[in-house]
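The lines below spell out each chain.
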Amino acid sequence: MDFDKIIEKNELWVQSKLDQDPDFFKKMAAGQSPEVLYIGCSDSRVTAEEIMGAEPGEAFVHRNIANMVISIDLNVMSVLQYAIDVLKVKRVVVCGHYGCGGVLASLQAADLGILNPWLRNIRDVYRIHRNELNALTDSQQKADRLVELNVKEQCVNVIKTAAFQKAAKSRGLTVHGWVFDMSTGKLKDLDIDFETHLKNIMEIYDLN
Ligand code: CO
């Protein structure tokens, strides 16, 4: 990316959008009604819209290191509540990716400063699933599986919120877990059994 050419590139992009639809920006300025809330990793290779083939206005996006949904993170919790209560999204997606630096860092014995409390949430995912993970002897397999289990646990964290529980009950809001494989460019749906998870965790986390 040539930083000095960004404004020029923006002008080319504006023109390409106007060529397709002269009202493109008029429509965009009129408001948004995205159907999907996408929560993904900040990793520069895992763009949200581009990998989904989505246009501006189609996805409400939140990204942080290792696609975490942490209950005391005001940022992600605000995004969740706004997307669910105000934008009325129909689906929430948590998208992880193989080779995630945050997940790999959580597997290392190292003091990473302010990242310690953030990555500790991934270590907690490891602890919950330690029997399955410890049975994997190949470090690549172990890291890949932790990426998947982390996505699953972050979906469960979405389900633990009051906003999600209410919308799931009243209008059928669902949560989906995906993993992006950057070696192929493909998105993999983890087919998380959302209904079962919802039922199981409501015994303890019911806020509704
Ligand atoms: Co990542």
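Everything that follows concerns the structure shown earlier in this document.
Since this is a predicted model, take the numbers as computed values, not measurements. (Residues numbered from 1 in each chain as written. Predicted model: local features only at pLDDT ≥ 70, side-chain atom pairs only at ≥ 80, totals over all residues. Heavy atoms only, no water.)

**Examining the pattern of salt bridges**
Per the stated rule, a full pass over the model turns up 10 salt bridges. For Asp21, the salt bridge is made with Lys27, and the minimal N-O distance between the two is 2.8 Å. Counted as one network, the salt bridges with shared partners bring together Glu132, Arg145, Glu148 and Lys188. (Salt bridge = Lys/Arg side-chain N within 4 Å of Asp/Glu carboxyl O.)

**Describing the coordination of the cobalt ion**
Coordination angles at a metal have ideal targets, namely 109.5 degrees for four tetrahedral donors and 90 or 180 degrees for six octahedral donors. Protein-derived coordination of the cobalt ion comes from Cys41 (SG), His97 (NE2) and Cys100 (SG), at a distance range of 2.1 to 2.3 Å. Here the donor residues of the cobalt ion share one chain and are spaced in sequence as C-x55-H-x2-C. With Cys41 in strand 1 (residues 36-41) and His97 in strand 3 (residues 91-97), this residue pair connects regions lying 56 residues apart in the sequence. Here Cys41 matches His97 in class, with each residue buried. (Donors = N, O, S within 2.8 Å, 3.2 Å for Na, K, Ca; no water. Helix = DSSP H or I, 4+ residues; strand = E, 2+ residues; numbered from the N terminus. Buried < 20%, exposed > 50% of the residue type's maximum accessible area, 1.4 Å probe, protein only.)

**Considerations on the sheet that holds strand 4 (residues 174-181)**
Here we have 5 strands laid out as an open sheet, ordered 2-1-3-4-5, and mixed in their pairing. Strands with a single pairing partner mark the edges of an open sheet, and in this sheet they are strand 2 (59-64) and strand 5 (186-189). Within the sheet, the average angular offset between the axes of one strand and its neighbour, ignoring direction, is 25°. One ladder, built from 7 bridges, connects strand 3 with strand 4; its direction is parallel. (Pairing = 2+ DSSP bridges. Axes fitted to C-alpha atoms, helices over the stretch in contact; angles between N-to-C directions.)

**What to know about the nonpolar core**
Counting 46 residues, the largest nonpolar core has Leu37, Leu80, Val92, Val158, Phe164 and Val175 as its most contacted members. Among the elements that take part in this core, helix 8 (residues 139-159) stands out by supplying 8 residues, more than any other. Dropping the residues within four chain positions of it, Val175 is found in contact with Val92, Cys155, Val158, Ile159, Phe164 and Phe194. Core analysis: the next-biggest nonpolar cluster, separate from the first, contains 8 residues, Val36, Val46, Cys95 and Phe180 among them. (Core = buried A, V, L, I, M, F, W, Y, C linked by side-chain atoms within 4.5 Å. Contact = heavy atoms within 4.5 Å.)

**Some words on helix 4 (residues 74-86)**
The end-to-end C-alpha distance of helix 4, which contains 13 residues, comes to 17 Å, matching closely the 18 Å that a straight helix rising 1.5 Å per residue would cover. Within helix 4 the residues assigned to the buried category are Val76, Met77, Val79, Leu80, Ala83 and Ile84. On an axial view of helix 4, the arc spanned by its buried residues comes to 160°, and they lie on one face. Seen from the open side of helix 4, the exposed residues pointing more than 90 degrees away from its buried face are Leu74 and Val86. Residues of helix 4 that are buried sit in contact with strand 1, strand 2, strand 3, helix 8 and helix 9 (162-171). (Expected span 1.5 Å × (residues − 1). Arc of directions from axis to C-beta.)

**Some points on the packing of aromatic side chains**
For the structure on display, the rule yields 4 aromatic pairs. Ring geometry for Phe24 and Phe25: centres 4.9 Å apart, planes at 80°, overall edge-to-face. With relative accessibility at 24%, the residue Phe25 sits in the partly exposed group. Aromatic side chains Phe164 and Phe194 sit 5.8 Å apart centroid to centroid with 90° between the ring planes, which places their arrangement in the edge-to-face category. (Phe/Tyr/Trp six-rings, centres within 6.5 Å; stacked < 30°, edge-to-face > 60°.)

**Structural notes on the environment of Ser170**
Mapped onto the elements, Ser170 comes out in helix 9. Under the relative-accessibility criterion, Ser170 is labelled exposed at 61%. Expressed as a C-alpha distance, the spacing of Ser170 and Ser106, which sit 64 residues apart in the sequence, is 37 Å.

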